[in-house]
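These are the residues of each chain, in order.
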Amino acid sequence: MADTLTIRRPDDWHLHLRDGAMLAAVLPESARHFARALVMPNLLPPVVTAAQAAAYRSRILAALPEGMEFTPLMTLYLTEESDPEDVAAAARDGLIAAVKLYPAGATTNSASGVRDFGRIRPVLERMAETGLPLCVHGEVTDSSVDIFDREAVFLERVLEPIRRATPGLRVVLEHVTTAEGVDYVKSGGENIAATITAHHLTINRNHMLAGGIRPHYYCLPVAKREAHRLALLEAATSGHPRFFLGTDSAPHTDAAKLAPCGCAGCFTAPNALSILAELFGQAGALARLEAFTSLNGAAFYRLAPNEETITLQRGAPVIHPARIDTAEGPVTVFDPGFPLHWSVTP
Ligand code: DOR
Ligand code: ZN
């Protein structure tokens, strides 16, 4: 195995940067490695309007340390009241790169999400006309559906009807976690792609639940059984152009994670690339890492890939900090559970 690998600077097509003190603490962790990131809008209150997205973008840029370069690509949080004209204007102005659909109640800060999918038809039609991608949190919220089945059921009950009703709509199935999701994207044609996280490529549900519960592995969609992890790994390492990296790095303080009702999210910004290099190396697919981290996403979003490069170096196991300090409290960094030999040099 080669000991160095130079690739175009990666982009993160699904990132939670939060706001305020948390934003200040986590932003450098992404900006160190990634040139651009698609920034999720699930703040409290959510980023619903173009004006809110512009203000959030300014707060992100203001929090960026001197000398670091990073481009936040903004998203709007879709609600049943979203105005198709506001969305279209934000896209036309280059302010947003996508719109995010959270089914109401699916995850962190999703209370303002969508309950009645019929009510977002006008926005989706406008998006189909303009080519603006819809990023979906693909899980049903029906309490009678088992949490491990919620993604597969979503494809059938929600996503397929939406796509049939709105031909031409471009969709990213975010953080895909199942073989059904992978197959759906592979067979779904040019207008559908998926992001895959580093943590879903690393853990299955046993890692979270067998031999003791590990709250830092709890995220949504929840990790599934091993066969699904292997399907994700195959999709990511295959070079298929419609699968690309979205870390879904989602910081929560340890106090919020280690609680009787703990928050969902894995904080992977610091070590996602080391983890991916390790997994792609094990799969004999290092030559396809760049496609996954730096080319496929940009192509789907109709942006040029980054010109700058990063170099990954293989050596003795790299020790990443176990946690980072924030003014809100410590945030634990995702532990892949195996040694990481690749480090990133700028
Ligand atoms: O694990 C998750 N955390 N999944 C999500 O969909 C949201 C995210 C968050 O914002 O914490
Ligand atoms: Zn997310």
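Rules used in this analysis
- Residues numbered from 1 in each chain as written.
- Chains lettered and ligands numbered in written order.
- Predicted model: local features only at pLDDT ≥ 70, side-chain atom pairs only at ≥ 80, totals over all residues.
- Heavy atoms only, no water.
- Core = buried A, V, L, I, M, F, W, Y, C linked by side-chain atoms within 4.5 Å.
- Buried < 20%, exposed > 50% of the residue type's maximum accessible area, 1.4 Å probe, protein only.
- Helix = DSSP H or I, 4+ residues; strand = E, 2+ residues; numbered from the N terminus.
- Contact = heavy atoms within 4.5 Å.
- Phe/Tyr/Trp six-rings, centres within 6.5 Å; stacked < 30°, edge-to-face > 60°.
- Lys NZ or Arg CZ within 6 Å of the ring centre and 35° of its normal.
- 1 Å grid on protein atoms, 1.4 Å probe; cavity = no way out; pocket = protein on both sides within 12 Å on 5 of 7 lines; lining within 4 Å.
- Points joined across faces, edges and corners; volume = space filled by probe spheres on them.

This brings us to the nonpolar core. Core analysis: the biggest nonpolar cluster contains 94 residues, and Leu 17 and Ile 96 have the highest contact counts within it. Counting residues per element, this core draws most heavily on helix α11 (residues 272-282), at seven residues. Each residue touching Ile 96, except ones within four places of it in the same chain, is listed here: Ala 53, Met 74, Thr 75, Leu 76, Val 87, Ala 90, Ala 91 and Leu 132. Trp 13, Ala 97, Phe 300 and Tyr 301 belong to the second largest nonpolar core, which has 15 residues in total.

With respect to the helices and strands, Thr 268 occurs in the loop between α10 (254-257) and α11. Residue Thr 268 is classed as buried on the basis of its relative accessible area of 0%. When near neighbours in sequence (up to four residues on either side) are disregarded, Thr 268 contacts His 199, Thr 247, Ser 249 and Phe 334.

Looking now at the packing of aromatic side chains. Applying the stated rule across the entire model yields eight aromatic pairs. Here the aromatic rings of Tyr 77 and Tyr 102 are separated by 5.3 Å at their centres, their planes lie at 35°, and the arrangement is tilted. Residue Tyr 77 is found in strand β4 (residues 71-77), and its partner Tyr 102 is found in the loop between β5 (96-101) and α4 (121-130); the two are separated by 25 residues along the sequence. Look at Tyr 77 and you get buried, because its relative accessible area is 0%. By relative accessible area, which is 1% here, Tyr 102 ends up buried. A ring pair is formed by Phe 300 and Tyr 301, whose centres lie 6.1 Å apart and whose planes are at 85°; its orientation type is edge-to-face. No difference in accessibility class separates Phe 300 from Tyr 301, as the two residues are buried. Three or more aromatic residues joined by ring pairs form one cluster here, namely Trp 13, Phe 244, Phe 300 and Tyr 301. Directly above the ring of Phe 300 sits Arg 170, whose terminal nitrogen or CZ lies 4.3 Å from the centroid. Above the face of the Phe 148 ring, Arg 205 is positioned so that its terminal group lies 4.5 Å from the ring centre.

As a volume, the largest pocket reaches approximately 310 Å³. In terms of lining residues, the largest pocket is bounded by 19 residues, among which Ile 96, Ala 97, Leu 132, Tyr 301 and Leu 303 are the most central. Elements with a minimum of two residues in the lining of the largest pocket: β4 and β5. No other element matches β4, which puts four residues into the lining of the largest pocket.

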